[in-house]
Amino acid sequence: MVTPDTSRYIVGIIGNVISFGLFLSPVPTFWHIIKRKSVDEFQPYAYIATCLNCMFWILYGLPFVHPDSILVITINSVGLAMELIYLAIFCLYDRQNKARKKIAIGLIGEFVLVAAVATINMLAFHTHTSRSFLVGIICVVFNIIMYASPLTIVRKVIKTKSVEYMPFYLSLAGFVNGCIWSAYALIKLDYFILISNGLGTILGLAQLIIYAFYYRSTPTKVQDDKPTEAQLSTEVAA
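Topic: the nonpolar core
In terms of nonpolar packing, the biggest core is built from 45 residues, with F56, L59, F90 and I193 touching the most fellow members. Among the secondary structure elements, those contributing two or more residues to this core are helix 1 (4-23), helix 2 (27-36), helix 3 (45-61), helix 4 (70-92), helix 5 (100-124), helix 6 (128-148), helix 8 (168-187) and helix 9 (191-215). Among the elements that line this core, the one with the most residues is helix 3, at 11 residues. If we ignore the near neighbours within four places in the chain, the residues touching F56 are L113, V114, V117, V135, I138, C139 and F142. V154, V157, Y211 and Y214 belong to the second largest nonpolar core, which has eight residues in total.

Written as structure tokens, this is what we have:
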């Protein structure tokens, strides 16, 4: 007989695999950067923001905040490591040295912020419920922002009646990712994971509907090997 804990573990493993695929989505962008030995006009802000998101979910999953959340810790630890690699590549090929200072300041600020929240959480709150509430609220806000990030291209899609610059597989993976982590949260009710990924599922579905609506009106063109700015957006697991 499959217990709820076993079911949750299996769903969590599936969620880790799908989320790992999402963290890999910027690889074409960075392969382009490495080949050209230049960051061109790409910006590092999405990766810096994703680092912060991952750090807060790692904090959320720690035993003294929210016990039995090891799968939340594993995927976000992997995600954090990958985002730091992306930022290291960005710094390496930032010829004009415009972004290195921003990245350094951003990461230092994030580490200080997370450390401050962790310290306050430990000193001011003394139950798992209260600690989970503070960190969970912060995680929900950042996760929704990450899920909604591909929607920034929607205005251009509607204006041009073309999905040329809308990343279909990223939207699809984001939708599936939201579904899996919502199921994970429902098995052993976790409101914060459920709220953020439930809304993520809705946003992902909205992106797929928009893609389907404008797909036929998209002119056929020979695709450039240069990744679009939309590929810089990464939805984050948990």
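Back to the text.
As for the confidence of the model for the protein
Looking at the protein, the pLDDT average stands at 84 and 88% of residues meet or exceed 70. Note on residues 229-235: pLDDT under 50 across the span, and 32 contacts to partners over four residues away in sequence or across chains.

Let's talk about the packing of aromatic side chains
Throughout the structure, instances matching the rule amount to 10 aromatic pairs. Measuring from ring centre to ring centre gives 5.3 Å for W57 and Y60, while their planes differ by 80°; the resulting arrangement is edge-to-face. One end of the pair, W57, and the other, Y60, are both in helix 3, three residues apart, so they sit about a helical turn from each other. Residue placement shows R8 over the ring face of Y184; its charged tip is 4.1 Å from the ring centre.

Rules used in this analysis
Residues numbered from 1 in each chain as written. Predicted model: local features only at pLDDT ≥ 70, side-chain atom pairs only at ≥ 80, totals over all residues. Heavy atoms only, no water. Core = buried A, V, L, I, M, F, W, Y, C linked by side-chain atoms within 4.5 Å. Buried < 20%, exposed > 50% of the residue type's maximum accessible area, 1.4 Å probe, protein only. Helix = DSSP H or I, 4+ residues; strand = E, 2+ residues; numbered from the N terminus. Contact = heavy atoms within 4.5 Å. pLDDT = per-residue confidence, 0-100. Phe/Tyr/Trp six-rings, centres within 6.5 Å; stacked < 30°, edge-to-face > 60°. Lys NZ or Arg CZ within 6 Å of the ring centre and 35° of its normal.

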